[in-house]
Amino acid sequence: MIGLSHYLIVSAILFSIGLMGVLRRRNLLMLFFATEVMLNAVNIAFAAISHFYHDLTGQMFAFFIIAIAASEVAVGLGILIVLFKKHGSLDLDDLASMRG
Amino acid sequence: MENLVYIALFAPLVSSLFAALFGMSPKKQFVGVVASVLLGISLVASLMLASYVYTTGNTIHVTMMDWISAGDLHIPFGFVVDQVSVTMMSVVTLVSTVVHIYSNGYMDHDKSFNRFFSYLSAFVFSMMVLVMSDNFAGLFIGWEGVGVCSWLLIGFWYHKEDVSREENPSISPSWAANEAFIMNRIADLGMLVGLFILYWNVGSLQYDEVFAALPHLSGSILNAAAIFLFIGAMGKSAQFPLHTWLTDAMEGPTPVSALIHAATMVTAGVFLVIRANPLFSMTPDVSYFIAALGTFVAFFAASMALVNRDLKRIIAFSTLSQLGYMFAAAGLGAYWIALFHLAAHAFFKALLFLGAGNVMHAMHDELDIFKMGGLKKTMKWTYIYMGLASLALAGIPFFAGYFSKDAIIETAWNEGTLVLWLILVVTAGMTAFYSFRQVFLTFEGDERYKQYGIHPHEMYKYVLIAMSPLAILAVIAGFFKEPFEHFVTALLPEYHMSEHTHHIAWLLGIVVLVFAVGGIALAFKKYYKGLKRDEALESSWYYKLLANQYYIPDFYEEFISKPYAMISEKMWNSVDMRIVDATVDGIAKFLYETGDGSRKMQTGNLSNYLNWMAVGAVLLLVVAAVSAAVIG
Amino acid sequence: MYEMIAFYLFSALTIVLFLITVMSKNVLYAMTSLASGMVLISGFFFILGADFLGVVQLIVYVGAVMALYSFAMMFFDATRDIKEKNTPASLIFLLGGLSALVLVLMFAAPIHSEAIQALYPIHDGAGNAQDVGIVLFTKYLVPFEVAAVMLLVAMIAGIILAGKKMDQSLTKDTSVDAEDEILIQKDAK
């Protein structure tokens, strides 16, 4: 039988995959993909908890996360386009303007 | 009436703030005038309050605002105008007003004219807070306030260089100011402890609540509170062994000596004992100690005054001696007599100091009476004033001092403390001798100042006129003894001589008078015709002992100051530099090096930052997991 | 039984697809696998009885977000392989693996659930969308409205950021002429 732990573990694995993506990638677009992966992983955990505890709060949070993800993509892609116009590249190694 | 209280209290503050506005600018005559007028207003308000309290017998109690309210501690800014405080207020404002007017003339050529008035008025304000407060906390604030102003004013000429003790016994104004301040701090610690004991056991610092609770306290607590409060009084009133600062405080301008170190601040200790009379009445041992110490100081200070050559120091020693008298009276339970002597003394001692200031002004700051003489020709009025003040001080009949001092000596007889009585009588003779030694050496005899090329001149007219109220009071204050007794014993415990003492009062008076006149006669014989130096006497060991103030300042220097400086140096070198400083430096160095090292993280590459963030997040996760495993 | 099969199937597929997203050098592959992964995640939601959430996931993520990404990709010349200097693998696997390990350990541990009780319980009779609607428009009304405003703001921001100077080619090498062009435009204004 599939229990809450199963879902949570899948969620954790997906989250870690997203984390690895964030760590590994240098291209901003790909970083965005990795963050989407992480957000989705969290959503699974929320939906699972909501299901197993018969409480809608988890789903509510998932909705808001989706809303935030959508706005993030809208603004983020706008910024990416501006950045690309300015530098002609989306590679983080080329954007090291905050060197201390 | 409430408005009068606030006017009396705050007029000096306004004056001080007004003068402070011009503190940095060159002399402005109107500053002195405004300050004097404001002080005059305060004086008028105080006198109106005095007449109100005198005629109606009511006391006025005002609470301006809450000051401290924390937990059980509740201290309001309250002021009480009763028989005792209104007496003090009148004396303080009267002397201060005269001194303010006097200072207009005395500080005429000083470049810090405005600053002087600011300090002087601030002092009066603090003194008013001290005497008017209705609780010990307010009294303590005023107590510290007058201490600070005294420090500022003693060190008024702070730019003078330090010189050796042989050249000038008080080294320099700043040195003297610091000495006075530090001595007072030592005593204030005692006072604070006394206040803590009272608060701890009573739970309040309001006078009426504390005094009402006293009968419920045990004897040892009362003794401890009385002893510690008296330690505070000893510092402020310069009683042995904390007396050395008072003579050194003469480094300040003379009006300051007259106001602070003769008439008002130094009597704060006596005022405290009088104010806390319910406490001291219940601790006879402590009171007896106070009386004995007062008597000792009276004699001890008078003995040092006998041989001193410094005009102001002689008067300072005499102040010490008279404070001793006051403490003797207060210790013997005759609080109203102590207060009476306090008031009378304030008048003639301020007059004496102001006269000395005139002489100083005339002699271009020369203070050695051996270099004066014959000044009566040029300074007739000053001579008259100082003569009157000295007569009052010596206790010649019908002058103020006669009534007050004789009452104290009579009290000593009445209490059966014959040793104290004898010492006080002898001291009265010594007082007469040194006062007239000083007067004759200054004003009579050969004109020794001529060989020093000094051309003395009399003080300004308005200054002399301003001094006249003090002179009049020094002469007539004694006649108000009966009404005064009636007035203040409404609040203070009554004190009556026994039937027996009453009968022989005339005899006791004559004994004292014989000593006083004897002292004057001796001074007249030795010094009236001029100064004849007696080499044999001056080189004798007892003369040297007295001239060097019993070597007490040297003793303090050798056995307290120097070891303390040595210990401080050691602590500085070993503890402060090696441990405290090293720790602080170590922390700073550590932070600096960590910063230097971690600066390499700041590559400017977002990806690296993300990696670091992930490291942090994972670390937090691990911590959370471990703590959950351990706790849960 | 079906649930179990579905779960394991979806899990395996999602993990593989997301790994492709993270590892692939080609943007197109990465995006495609991301989109498919999201479809499968909506499958999870359906298994869990969160029908409405699943539908939203499909519409918003697979529909809107992925469409946005694909349009954005067109600006960035998606056919090229991405050349990037990736972070050393050892660090990634250490951190990713460690976080995965810790999270799995934490989630695998039994949950002490006595204290947990449903604040907004799911009713058996009513459909999921109905329950969600009631809770969303009562308890979560204010956050809902705020989220709506946020989306509006994000939309405007996206339009303004991306919409400026859309007439210029982004993929062309713009080092010289673009600068001139901008200057010319400024002069023209």
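The model shown is predicted, which means the values in this text are computed figures rather than measured ones.

### Considerations on the overall build of chain C
Move 1: A tally of regular secondary structure across chain C gives 7 helices and 0 strands.
Move 2: Going residue by residue from the N terminus, the α and β elements of chain C occur as α-α-α-α-α-α-α.
Move 3: Residue pairs in contact within chain C that sit at least 24 positions apart in sequence constitute 48% of those at least 6 positions apart.

### Quick notes on the overall build of chain A
Move 1: Helix and strand counts for chain A stand at 3 helices and 0 strands.
Move 2: Overall, chain A shows an N-to-C arrangement of helices and strands of α-α-α.
Move 3: When contacts within chain A are restricted to residue pairs at least 6 apart in sequence, long-range pairs at least 24 apart make up 46% of them.

### Details of helix H5 (residues 136-154) of chain B
Move 1: Between its first and last C-alpha, H5 of chain B extends 26 Å over 19 residues, near the 27 Å set by a 1.5 Å rise per residue.
Move 2: A large share of H5 of chain B lies buried, amounting to 15 of its 19 residues.

### Topic: the interface of chain B and chain C
Reports often express the size of an interface as the amount of accessible area lost when the parts come together.
Move 1: Each partner contributes to the interface: chain B provides 9 residues, whereas chain C provides 9 residues.
Move 2: Taken together, the residues of the side of chain B that touches chain C sort by class into 7 nonpolar, 2 polar and no charged.

### Here's the deal with the nonpolar core
Move 1: Counting residues in each nonpolar core, the largest one holds 208 residues, and the members touching the most others are Ala350, Leu351 and Ala474 of chain B.
Move 2: Looking at which element gives the most residues to this core, the answer is helix H15 (residues 335-362) of chain B, with 20 residues.
Move 3: In contact with Leu351 of chain B, other than residues within four places in its own chain, are Tyr385, Ala389, Met467, Leu470, Ala471 and Ala474 of chain B.
Move 4: If you look at the next biggest cluster of nonpolar residues, it comprises 82 residues, including Tyr7, Met20 and Phe33 of chain A together with Met38 of chain C.

### Comments concerning the confidence of the model for chain C
Residues and elements named next belong to chain C.
Move 1: Model confidence for chain C is summarised by a mean pLDDT of 80, while 79% of its residues fall at 70 or above.
Move 2: For chain C, the element scoring lowest by mean pLDDT is helix H7 (residues 177-188), at 54; helix H1 (residues 2-23) scores highest, at 92.
Move 3: ipTM for the predicted complex: 0.89, alongside a pTM of 0.68.

### A look at the pairing of strand S2 (residues 73-81) of chain B
All names here are of chain B.
Move 1: As paired elements, strand S1 (residues 60-70) and S2 share 9 bridges and run antiparallel to each other. By the bridge assignment, His61 is partnered in S2 with Val80.
Move 2: Here S1 folds back onto S2, and the loop between the two strands holds 2 residues, one of which, Gly71, carries a positive phi near 60°.

### Describing the interface of chain A and chain C
Move 1: Contacts between chain A and chain C engage 62 residues on the former and 69 residues on the latter.
Move 2: Where the side of chain A that touches chain C is concerned, the elements lending two or more residues are helix H1 (4-24), helix H2 (28-52) and helix H3 (57-87) of chain A.
Move 3: By residue number, the principal contributor to the side of chain A that touches chain C is H3 of chain A, which donates 22 residues.
Move 4: Residue composition of the side of chain A that touches chain C, grouped by class: 40 nonpolar, 14 polar and 8 charged.

### Here's the deal with the packing of H15 of chain B against helix H16 (residues 380-394) of chain B
Residue and element names in this part refer to chain B.
Move 1: Put simply, H15 and H16 touch, their axes get as near as 9 Å, and they point 145° apart. In the crossing of H15 with H16, the sense of the turn from one axis to the other is left-handed. When H15 is examined against H16, the residues Phe348, Leu351, Leu352, Gly355, Asn358 and Val359 are found in contact with a partner set consisting of Thr382, Tyr385, Met386, Ala389, Ser390, Ala392 and Leu393.
Move 2: For the contact of H15 with H16, the per-class residue count stands at 9 nonpolar, 4 polar and no charged.

### Brief notes about unusual backbone geometry
Leave glycine aside and you will find that most residues have negative phi; peptide bonds, for their part, are mostly trans.
Residues and elements named next belong to chain B.
Move 1: Here the bond from Phe240 into Pro241 is cis, since omega is 5°, no more than 30 degrees from zero.
Move 2: Relative to the assigned elements, Pro241 resides in the loop between helix H8 (219-236) and helix H9 (244-248).
Move 3: Even without a glycine there, the phi angle at Tyr550 is positive, about 60°.
Move 4: Position of Tyr550 among the secondary structure elements: in the loop between helix H23 (541-547) and helix H24 (552-598).
Move 5: The class for Tyr550 is partly exposed, based on 14 C-beta atoms found within 10 Å.
Move 6: Positive phi, close to 60°, is recorded for Tyr551, a residue that is not glycine.

### Details of helix H10 (residues 254-263) of chain B
Residue and element names in this part refer to chain B.
Move 1: Counting buried residues in H10 gives 10 out of 10 residues, a clear majority hidden from the surface.
Move 2: Taken together, the buried positions of H10 are Thr254, Pro255, Val256, Ser257, Ala258, Leu259, Ile260, His261, Ala262 and Ala263.
Move 3: Summarising the contacts, the buried residues of H10 are in contact with helix H3 (83-106), helix H4 (113-132), H5, H9, helix H14 (311-331) and H15.

Calculation notes
Residues numbered from 1 in each chain as written. Chains lettered and ligands numbered in written order. Predicted model: local features only at pLDDT ≥ 70, side-chain atom pairs only at ≥ 80, totals over all residues. Helix = DSSP H or I, 4+ residues; strand = E, 2+ residues; numbered from the N terminus. Contact = placed C-beta atoms within 7 Å. Expected span 1.5 Å × (residues − 1). Buried ≥ 20, exposed ≤ 12 C-beta atoms within 10 Å, placed from the backbone. Nonpolar A, V, L, I, M, F, W, Y, C, P; charged D, E, K, R; others polar. Core = buried A, V, L, I, M, F, W, Y, C linked by C-beta atoms within 7 Å. pLDDT = per-residue confidence, 0-100. Pairing = 2+ DSSP bridges. Axes fitted to C-alpha atoms, helices over the stretch in contact; angles between N-to-C directions. Left-handed = near helix turned anticlockwise from the far one by under 90°.

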